[in-house]
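# Structure assessment
If you want the building blocks of each chain, they are given just below.
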Amino acid sequence: MQGSDLPAGRSVELYVRSLLPEGYHQSQECILDHVTELVETETLTDRQVHVWGQQVPATAESARTTVGEYVLDRVTVFREWAAINGCSLSPAFELREVDDMLVGDQFRAIRFPSVLLVEFLGDSLVCVSPHAVDGDVTTVPDRLDALESGDQRQFDPLDVTTVEASPDRDALSRPPREGDEEELLTTE
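Residues numbered from 1 in each chain as written. Predicted model: local features only at pLDDT ≥ 70, side-chain atom pairs only at ≥ 80, totals over all residues. Heavy atoms only, no water.

As a further point, take the overall build of the chain. For the chain, the helix and strand inventory stands at four helices and 11 strands. Going through the 188 residues of the chain one by one, you find that 43% of them count as buried. Looking at the chain alone, contacts between residues at least 24 apart form 70% of all its contacts between residues at least 6 apart. Looking at the chain as shown, the accessible area adds up to about 10,600 Å², and 47% of this sits on carbon and sulfur atoms. (Helix = DSSP H or I, 4+ residues; strand = E, 2+ residues; numbered from the N terminus. Buried < 20%, exposed > 50% of the residue type's maximum accessible area, 1.4 Å probe, protein only. Contact = heavy atoms within 4.5 Å. Areas by Shrake-Rupley, 256 points an atom, 1.4 Å probe, with all protein chains shown as cover.)

Shown next as structure tokens:
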């Protein structure tokens, strides 16, 4: 078989938040170790680890940087996956008002989870954890255990090459479509 004829393996992106209170880093390290084991046992084909900060402004206009815009695009893709699968990302992201001490103003920001697991099969996003379905939360360790045991829920894939983020759109609010939850993320 040619390499291009082989089925795409499951790869993951792991997003870890920096500057956490004491105790969170040990949990992040355990998750990183578990992901590494899954790659070594060929349960996962590849992993990428991304370190991000505590939060990002909720609009591209407020983000003002290439990195901020990239992160907002990723959040948009994660939210789109959740919408097509009837999931909530509320355990993962919080929308909040933040005081900007430098300019004496407030802005809306998306606060990131301490760790986020994003799974792909080829160019298709197949799972984002943590997530909630009908009130049941699946944490990152829960999802890794399910991947390891082979007993995991299958979700509808989202082809990430077809999701477009608009630079003038708030990453957490787009016009609702029929069947969408009105609010996928919690507000504070």
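Another aspect to go through is the environment of D99. Along the polypeptide, D99 turns up in strand β4 (residues 94–100). As for D99 and A109, which are separated by 10 residues in sequence, their C-alpha atoms are 9.9 Å apart. Those residues in contact with D99 that sit more than four places away from it in its chain are D105 and Q106.

Within helix α4 (residues 140–149), burial applies to V140, R143, L144, A146 and L147. Projected onto a plane normal to the axis of α4, the buried residues spread over an arc of 160° and lie on a single side. Where α4 is buried, its residues touch β1 (10–17), α1 (24–40), β6 (115–121), β7 (124–129) and β9 (136–138). Taken from the residues just after α4, G150 is the one with a positive phi, measuring 80°. (Arc of directions from axis to C-beta.)

Overall, the coordinates contain six aromatic pairs when judged by the stated rule. A centroid spacing of 6.4 Å and a plane angle of 75° characterise the contact between W52 and F93, whose relative ring orientation is edge-to-face. Taken together, the residues span a long stretch of sequence, with W52 in strand β2 (residues 46–52) and F93 in the loop between α3 (66–84) and β4 at a distance of 41 residues. Each of the two residues, W52 as well as F93, counts as buried. Considering the side-chain rings of F93 and F112, the 6.4 Å spacing of their centres and the 80° angle between planes classify their relative orientation as edge-to-face. Taken together, the residues F93 in the loop between α3 and β4 and F112 in the loop between β5 (105–111) and β6 connect sequence positions 19 residues apart. For the residue pair F93 and F112, the accessibility class agrees, reading buried in each case. Clustering of aromatic rings is evident, with ring pairs tying together Y15, W52, F78, F93 and F112. (Phe/Tyr/Trp six-rings, centres within 6.5 Å; stacked < 30°, edge-to-face > 60°.)

Another point: the nonpolar core. One finds F78, W81, F93, I110, L116 and L125 to be the most contacted residues of the largest nonpolar core, which totals 30 residues. Only α2 (60–63), α3, β6 and β7 provide two or more residues apiece to this core. If one sorts the elements of this core by residue count, α3 sits on top with seven residues. Ignoring sequence-local partners within four residues, the contact set of F78 consists of Y15, L89, F93, L116, V118, L125 and V128. (Core = buried A, V, L, I, M, F, W, Y, C linked by side-chain atoms within 4.5 Å.)

Right, let's talk about the pairing of β7 for a bit. The side chains of a regular strand alternate between both faces of the sheet. For β7, the buried fraction is high: five of the six residues fall into the buried class. Hairpin connection of β6 to β7: two residues between the antiparallel strands, including G122 at a positive phi of 60°. Sheet topology places β7 next to strand β10 (residues 158–159); two bridges connect them, and they run antiparallel. Looking at the pairing, L125 lines up with L158 of β10. (Pairing = 2+ DSSP bridges.)

Turning our eyes to something else, we now look at the environment of L158. Mapped onto the secondary structure, L158 falls in strand β10. Considering only alpha carbons, one finds L158 and L121, 37 residues apart in sequence, at a separation of 9.7 Å.

Here we come to a negative patch on the surface. Side chains of E29, D33, E37, E40, D142, D145 and E148 sit close together on the surface and give a patch of like negative charge. When contributions to the negative patch are tallied by element, the ones reaching two or more residues are α1 and α4. Of all the elements, α1 adds the most residues to the negative patch, at four residues. Mapped onto the secondary structure, D33 falls in helix α1. Owing to a relative accessible area of 44%, D33 belongs among the partly exposed residues under this scheme. (Patch = residues over 30% accessible without salt bridge, like charges linked within 9 Å, V, L, I, M, F, W, Y side chains within 5 Å. Salt bridge = Lys/Arg side-chain N within 4 Å of Asp/Glu carboxyl O. Lys, Arg positive; Asp, Glu negative; His and termini not counted. Charge placed at Lys NZ, Arg CZ, Asp CG, Glu CD.)

What is shown is where atoms sit, not what they do.
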